[in-house]
Amino acid sequence: MADDVHIDPWSSSQSTDYQRIIDQFGLQKFEHGSVDHPTHLHRRGIVFAHRDFNNIAEAQRHAQPHSVLTGLMPSGQMHLGHSMVVEQVRWFQEQGADVSIAVADLESQATRGIPLTKGYEIAVEEYVRNYAALGLDPEQTQVYFQSKRSAVQRLGFQLGKRTNLSEFESIYGFSGETNLAHVQAPMVQVGDILHPQLEEYGGLRPIVVPVGVDQDPHLRLTRGLASKSNWFNVKLANRGVLIGLSLQDDNAEVFGMQANGRIDKAKVKHVFDLIQNKLTERGFSDIESVPKQGTIQIFSATAKDIHGIQAILLGIERSLGGMGLMAPCSTYHHFAVGLTGDKMSSSSPKSTIFLNDSIEAVHKKIMKAYSGGRATIEEHRRLGGEPEKDVAYQYLMYFFETDDSHLDEIYKAYSSGSLLAGELKQICSDKATEWMKNLQEKRDQTQHLVERFIRHD
Ligand code: TRP
């Protein structure tokens, strides 16, 4: 449709029509009331949407293993916008998640022309140093490189079998001219997102990917591929929950398909018994297997049991030789505006504050930032300022003022006209100075930890 939102993960302009994005791509609204100890990003609706976050919330609540994975593109300097992801990762970590961070050095080489050696340097100097300073725990965080982790590449390659160029054309807008490295990059990202659940990286458990909404195409792709690879489907039935077998090349033998077209009933029975026993063990009752149709119905189950049943089936699939991949969950955050009022981007230094900027540079940038004040003081006092448009206000909200009641006072004072634009900028600059000074200090204090974050395979 002509007025559809198009999301391009590699473009520097992004739609900020978040409600349309939610509707069009079927995201769920993030309810911050549903989590414990929400950060200011959650409380202020900056983390605004998700896919299947409930699976993670459930794991958090019951202190069950779960994992957070995100990635960084080593192509420029780390700026404030990037720190938002780290903030969320730290929160997940505090709630009990183990953390993996992909350095997208292959993607950066493919799409930005950054050589791998350069990508390594940027990742360590610009990003990992700041991750350490921003409080990630080196014992619970592994930063790895796409180019070095063969399991990631292998998984991406294997799952390539379950998609094709047409799907890439419709998800990413690729065409005949698209170079193949660019086509491969999303498959590597699929490998990134799914690999923590491989046995050698911690095994089956829910994985959440906190990202800006520009990355959602990759999540759609990954979720689709994981579910296409699954040997069992689970869905809500008229009564209870229905499990169906999904016959594929790599499970035909296990499911009793013989070369002559006949079915080995003993094998089918084995699979069905396995499922039935596991479900009974986990407390489900009223289970009816219909091997002939390839279905099992659990009359006692409801919608809220689906995720648990899926997890049981993925375990069974693995025991039978399948990959047993769980679709990832994700959360999405709004983009902070750039200093100029447009998008924040590392390729336009005037639009953003870099984490390595000097305090003086930060002060200057903020004092010059796009303002939501009125043309004259008289008008400002009469009409009030517009915090929604004001970069200084936005930066206090996104980054520097974590106390909700202080922020609220500023909002009221500014929109009533008692606080002037210059005064607001000064408040923002003071807060930013404090934040940046603290970060600089932390960088020095945590410098010795940097190596510990990094994995070389
Ligand atoms: N494509 C992401 C970016 O442009 C980087 C990335 C690579 C990533 N692998 C990932 C993000 C896995 C999230 C999850 O910034």
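Throughout, residues of each chain are indexed from 1 in the direction in which the sequence is written. Thresholds applied to this predicted model are a pLDDT of at least 70 for local features of residues and 80 or more for the giving and counting of side-chain atom pairs; totals over whole chains, interfaces and linings are not thresholded and use all residues. Hydrogens and water molecules were not included; the side-chain quantities draw on all heavy atoms of the structure.

**Description of the overall build of the chain**
Per the secondary structure count, the chain includes 18 helices and 11 strands. Taken over C-alpha atoms, the radius of gyration is set against a globule rule of 2.2 Å times the number of residues to the power 0.38. Whereas a compact globule of 457 residues would reach a radius of gyration of roughly 23 Å, the chain reaches 25 Å, a difference of no more than 12%. By its C-alpha atoms, the chain is 85 × 50 × 50 Å across when sized along the principal axes. Only protein chains enter the calculation, and the probe is 1.4 Å; a residue is then buried if its accessible area is under 20% of its type maximum, exposed if over 50%, and partly exposed in between. Classification of the 457 residues of the chain by burial places 52% in the buried group. Any two residues having at least one pair of non-hydrogen atoms within 4.5 Å are treated as being in contact. Considering only residue pairs separated by 6 or more positions, the chain has 73% of its internal contacts joining residues 24 or more positions apart. Carbon and sulfur atoms make up 50% of the accessible area of the chain, which totals about 21100 Å². With 47 positive and 57 negative side-chain charges, the chain shows a separation of 2 Å between the mean positions of the two kinds. Strands are runs of DSSP state E lasting at least 2 residues, helices are runs of H or I lasting at least 4, and numbering of each runs from the N terminus. For every accessible area listed, the method is Shrake-Rupley and the probe measures 1.4 Å; residues are considered covered only by the protein chains on display. Neither His nor the chain ends is counted toward charge; the positive residues are Lys and Arg and the negative residues Asp and Glu. The location of each charge is read from NZ of Lys, CZ of Arg, CG of Asp or CD of Glu.

**Section: the layout of surface pockets**
Cavities and pockets were defined on a 1 Å grid built from protein atoms only: a cavity is a group of points that admits a 1.4 Å probe but offers it no way out, a pocket is an open group of points flanked by protein on both sides within 12 Å along at least five of seven lines, and a lining residue is one with an atom within 4 Å of any such point. Grid points are joined across faces, edges and corners, and a volume is the space filled by probe spheres set on the points. Taken as a whole, the largest pocket spans an internal volume of roughly 1000 Å³. Lining the largest pocket are 42 residues, and of these Met73, His82, Arg112, Asp214 and Gln215 lie nearest its centre. Contributing elements (two or more residues each) for the lining of the largest pocket: β3 (67–72), α4 (80–94), α5 (105–112), α6 (116–133), α9 (180–194) and β6 (207–212). Broken down by element, the residue count for the lining of the largest pocket peaks at 5 residues, all from α4. Broken down by class, the residue content of the lining of the largest pocket amounts to 19 nonpolar, 18 polar and 5 charged. In this structure, the second largest pocket occupies an estimated 570 Å³ of space. Contributing to the lining of the second largest pocket are 21 residues, with Gln64, Pro206, His307, Gly308 and Ala311 lying nearest its centre. Those elements that provide at least two residues to the lining of the second largest pocket are α3 (53–61) and α12 (306–319). A class-by-class count of the residues in the lining of the second largest pocket yields 8 nonpolar, 7 polar and 6 charged. Gly counts as polar in this scheme, as do all residues outside two lists: the nonpolar Ala, Val, Leu, Ile, Met, Phe, Trp, Tyr, Cys and Pro, and the charged Asp, Glu, Lys and Arg.

**Re the pairing of β6**
In terms of residue burial, β6 counts as a mostly covered element, since 6 of its 6 residues are buried. Pairing between strands requires that DSSP locate at least two bridges from one strand to the other. Of the pairings in the sheet, the one linking β3 to β6 comprises 2 bridges and is parallel in character. When the sheet's bridge partners are listed, serine 67 is paired in β6 with isoleucine 207. Where β6 and strand β11 (residues 329–333) come together, 5 bridges link them in parallel fashion. Residue pairing across strands places glycine 212 opposite histidine 333, the latter belonging to β11.

**Digging into the nonpolar core**
Here, the term nonpolar core denotes a set of buried Ala, Val, Leu, Ile, Met, Phe, Trp, Tyr and Cys residues that are joined through side-chain atoms within 4.5 Å. Residues Leu80, Tyr395, Phe399 and Phe400 are the most contacted members of the largest nonpolar core, which totals 70 residues. If one sorts the elements of this core by residue count, helix α15 (residues 391–400) sits on top with 9 residues. Setting aside residues no more than four positions away along its own chain, phenylalanine 399 makes contact with His40, Leu80, Gly81, Ser83, Met84, Ala336, Met344 and Trp435.

**Examining the site of the ligand**
Each residue is tested against the molecule or strand, and it is near if at least one of its non-hydrogen atoms lies within 4 Å. Around the ligand sit 13 residues, and of these Gly71, Glu107, Gln189, Asp192 and Gln215 come closest. Distance and chemistry together define a polar contact, namely a pair of N or O atoms within 3.5 Å, with one atom able to donate a hydrogen and the other to accept it when in protein, and with adjacent residues in sequence counting only for side-chain atoms on both sides. With respect to the ligand, the side chain of glutamate 107 contributes an N or O atom lying 2.8 Å from a nitrogen atom. Within the contact set of the ligand, a nitrogen atom lies 2.9 Å away from a side-chain nitrogen or oxygen of glutamine 189. Relative to its unbound accessible area of 360 Å², the ligand is 91% covered by the protein chains. A molecule is counted as occupying a cavity or pocket when more than half of its atoms fall within 2 Å of that pocket's grid points. Most atoms of the ligand, that is more than half of them, are within 2 Å of grid points of the largest pocket.

**Things to note about the side chain of arginine 223**
Considering the arrangement of structural elements, one finds arginine 223 in helix α10 (residues 216–229). Polar contacts involving the side chain of arginine 223 include one to the side chain of aspartate 52, which spans 3.2 Å. Once you skip the residues sitting within four places of it in the chain, arginine 223 turns out to touch Arg51, Asp52, Ala327, Pro328 and Cys329.

**Details of the domain arrangement of the chain**
In many reports, interface size means the accessible area that the parts give up when they come together. Partitioning the chain into domains gives domain 1 (18–228 + 327–335), domain 2 (231–319) and domain 3 (349–449). For every domain, the bounds stem from an assignment made automatically or drawn from a database. Its C-alpha centre places domain 1 at a distance of 31 Å from the equivalent point of domain 2. Taken together, the contacts link 8 residues of domain 1 with 7 residues of domain 2. Taken together, the two surfaces of domain 1 and domain 2 that pack against each other cover about 620 Å², and 38% of this comes from carbon and sulfur. Each of two parts loses accessible area, computed with a 1.4 Å probe, when they are put together; buried area is these two losses added. It is Asn55, Arg162 and Leu204 that lose the most area in domain 1 upon contact with domain 2, and together they represent 59% of the buried surface on that side. A side-chain nitrogen of Lys or Arg and a carboxyl oxygen of Asp or Glu constitute a salt bridge if their distance falls within 4 Å. Along the contact surface separating domain 1 from domain 2 lie 2 salt bridges. The salt bridge involving arginine 318 is made with glutamate 199; its shortest N-O contact spans 2.9 Å. Here the residues of the side of domain 1 that touches domain 2 sort into 2 nonpolar, 3 polar and 3 charged.

**Thoughts on the sheet that holds strand β5 (residues 141–145)**
Read across the sheet, 7 strands follow the order β1-β2-β11-β6-β3-β4-β5 without closing on themselves; strand pairing throughout is mixed. Looking along the sheet, the strands with just one partner apiece sit at the ends: β1 (28–29) and β5. One ladder, built from 4 bridges, connects strand β2 (residues 47–51) with β11; its direction is antiparallel. Considered in β11, the bridge of arginine 51 is made with serine 330. Structural elements are reduced to axes, namely lines fitted to C-alpha atoms, with helices fitted over the stretch in contact, and the angle between N-to-C directions of any two is expressed from 0 to 180 degrees. Taken strand by strand, α3 contacts β2, β6 and β11, and its axis lies near 105° from that of β11.

**Some words on the pairing of β2**
The element β2 is largely enclosed, with a buried count of 5 among its 5 residues. Pairing between β1 and β2: 2 bridges, direction antiparallel. Of the residues in β2, the one forming a bridge with glutamine 28 is histidine 50.

**Here's the deal with the pattern of salt bridges**
One pass over the structure, following the stated rule, counts 24 salt bridges. The shortest N-O distance in the salt bridge between glutamate 253 and lysine 267 comes to 3.8 Å. Placement of glutamate 253 in the loop between β8 (241–245) and α11 (265–281) and of lysine 267 in helix α11 is noted, with a sequence separation of 14 residues between them. A residue is classified by how much of its surface remains accessible, and glutamate 253, at 58% relative accessible area, is exposed. Looking at lysine 267, the relative accessible area reads 32%, which means it is partly exposed. In this structure, the salt-bridge partner of glutamate 386 is lysine 389, at a minimum N-O distance of 3.5 Å. Using a relative accessible area of 46% as the deciding quantity, one classes lysine 389 as partly exposed.

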